[in-house]
Amino acid sequence: MAFSIRNRSSLAIKLIIGAGIILFAFIKYWSNTDTNKWTGRKQHITLNAEQEISIGLRSAPHMAQEYGGLYPDQQLQNQVDQVGRKLINASIAHNTPYQYDFHLLRDPNTINAFALPGGQVFITYGLFKRLENIDQLAGVLGHEIGHVVGRHSAERIAKQSLTQGVISGVLVGSDGSSGAAQTAQMIGNLISMKYSRNDELEADELGVLFMINAGYQPEQMLGVMKILKQTHDGNHIPEYQNTHPDPEHRMEKIKEAIRKYKK
Ligand SMILES: [Zn+2]
């Protein structure tokens, strides 16, 4: 009897501590609220621009290495750089504190493009060689600049620490069984996936705006989507698809953005 009472009270303590951890994670998350100057959207972010730039610069060489380093042809590197610069100079990206750099990665098989916080932008040769014109390159880079201006990585970092807090809270509050751990992990994944899809759509919209600002044909962003769709076959699922929403859905939103910004 005594044993079961003690067991129950220790369970209550566990629940209280678990709830406290979750509450603290939410308070920390919600108290770090900032309105993005360039998009006007309210965000939960714990990093400042300097920290974003420094994280991006520090991880850039490592990221490049994962895709076989930089593509050796300097002429193609310059082409990527020129299109990137043109997008920046003509748009609100120019007013942000970020340090933009554009890198063509050597990997010829992986279809991917991504941005690190603070302005380091990458495109693999695998994606680059499939693009049909310079406007499509502008579409890919514009989308990635959109992630930087939208501060999506910084937002994701804040979300991750919230998710981590919720997971620890659930684990402490439960009996710590693998079932509880799995449930906690699942909740965590759902939270970050939902947000990440919204990030992608915002990056598409910003990309369209930057393309129009710089004089590129925004309709070519639809061409990029078609390429992504084509490469989505059984034996060759591009990495891009794991983190990006369905191209069909994106195309609808891109068309909306073109109607919104094109005069
Ligand atoms: Zn993206």
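Reading the values: rules and limits
Residues numbered from 1 in each chain as written. Predicted model: local features only at pLDDT ≥ 70, side-chain atom pairs only at ≥ 80, totals over all residues. Heavy atoms only, no water. Helix = DSSP H or I, 4+ residues; strand = E, 2+ residues; numbered from the N terminus. Buried < 20%, exposed > 50% of the residue type's maximum accessible area, 1.4 Å probe, protein only. Contact = heavy atoms within 4.5 Å. Areas by Shrake-Rupley, 256 points an atom, 1.4 Å probe, with all protein chains shown as cover. Axes fitted to C-alpha atoms, helices over the stretch in contact; angles between N-to-C directions. Parallel < 35°, antiparallel > 145°, perpendicular 65-115°, else oblique. Nonpolar A, V, L, I, M, F, W, Y, C, P; charged D, E, K, R; others polar. Core = buried A, V, L, I, M, F, W, Y, C linked by side-chain atoms within 4.5 Å. Pairing = 2+ DSSP bridges. Expected span 1.5 Å × (residues − 1). Bend = angle between axes of the 7 residues up to and from the residue. Polar contact = N/O pair within 3.5 Å; in protein donor to acceptor, adjacent residues only side chain to side chain.

(A) Main features of the overall build of the protein chain. Broken down by element type, the protein chain carries ten helices and five strands. The buried share among the 263 residues of the protein chain stands at 47%. Taking as baseline every contact in the protein chain between residues at least 6 positions apart, the subset at least 24 positions apart corresponds to 69%. Looking at the protein chain as shown, the accessible area adds up to about 13,700 Å², and 56% of this sits on carbon and sulfur atoms.

(B) Structural view of the packing of helix 5 (residues 134-149) against helix 8 (residues 220-230). Relative orientation of the contacting elements helix 5 and helix 8 amounts to 85°, with a least axis distance of 8 Å. Between helix 5 and helix 8, the interaxial angle falls into the category roughly perpendicular. Residues Asp-135, Gln-136, Gly-139, Val-140 and His-143 of helix 5 touch helix 8, and the partners they reach there are Gln-220, Met-221, Gly-223, Val-224 and Ile-227. Among the residues forming the contact of helix 5 with helix 8, the class breakdown is four nonpolar, five polar and one charged.

(C) The arrangement of the nonpolar core in detail. Counting 47 residues, the largest nonpolar core has Leu-87, Tyr-100, Ile-123, Leu-141 and Ile-145 as its most contacted members. It is helix 5 that provides the largest number of residues to this core, a total of seven residues. The residues touching Tyr-100, leaving out its near neighbours within four places in the chain, are Arg-85, Ile-88, Ala-93, Gly-119, Ile-145, Val-148 and Val-149. Listed in part, the eight residues of the second largest apolar core include Met-63, Ala-64, Tyr-67 and Leu-116.

(D) Main features of the sheet that holds strand 5 (residues 120-124). Here three strands make up an open sheet; going across it, the order is 3-5-4 and the pairing mixed. Sheet topology places strand 3 (101-105) and strand 4 (113-115) at the edges, where each strand pairs with a single neighbour. Each adjacent strand pair in this sheet contributes to an overall mean axis angle of 15°, direction not counted. Pairing of strand 4 with strand 5 involves three bridges; the strand directions are antiparallel. Bridging across to strand 5, Ala-113 finds its partner in Ile-123. Packed on one face of the sheet, helix 3 (residues 74-89) meets strand 3 and strand 5 and runs near 145° to strand 3. This element, helix 5, spans strand 3, strand 4 and strand 5 of the sheet and lies at about 30° to strand 4.

(E) View of helix 2 (residues 49-66). For helix 2, built from 18 residues, the straight-helix expectation of 26 Å at 1.5 Å per residue is met to within 8% by its first-to-last C-alpha distance of 25 Å. The principal kink in helix 2, of about 40°, is found at Ala-60, preceding the proline Pro-61 by one to four residues. Taken as a whole, helix 2 has its buried residues at Ala-49, Glu-52, Ile-53, Gly-56, Ala-60, Met-63 and Ala-64. Taking the backbone nitrogen of Glu-50 as reference, a side-chain oxygen 3.2 Å away marks Asn-48 as the first, capping residue of helix 2. Positive phi appears at Gly-68, one or two residues downstream of helix 2, with a value of about 75°.

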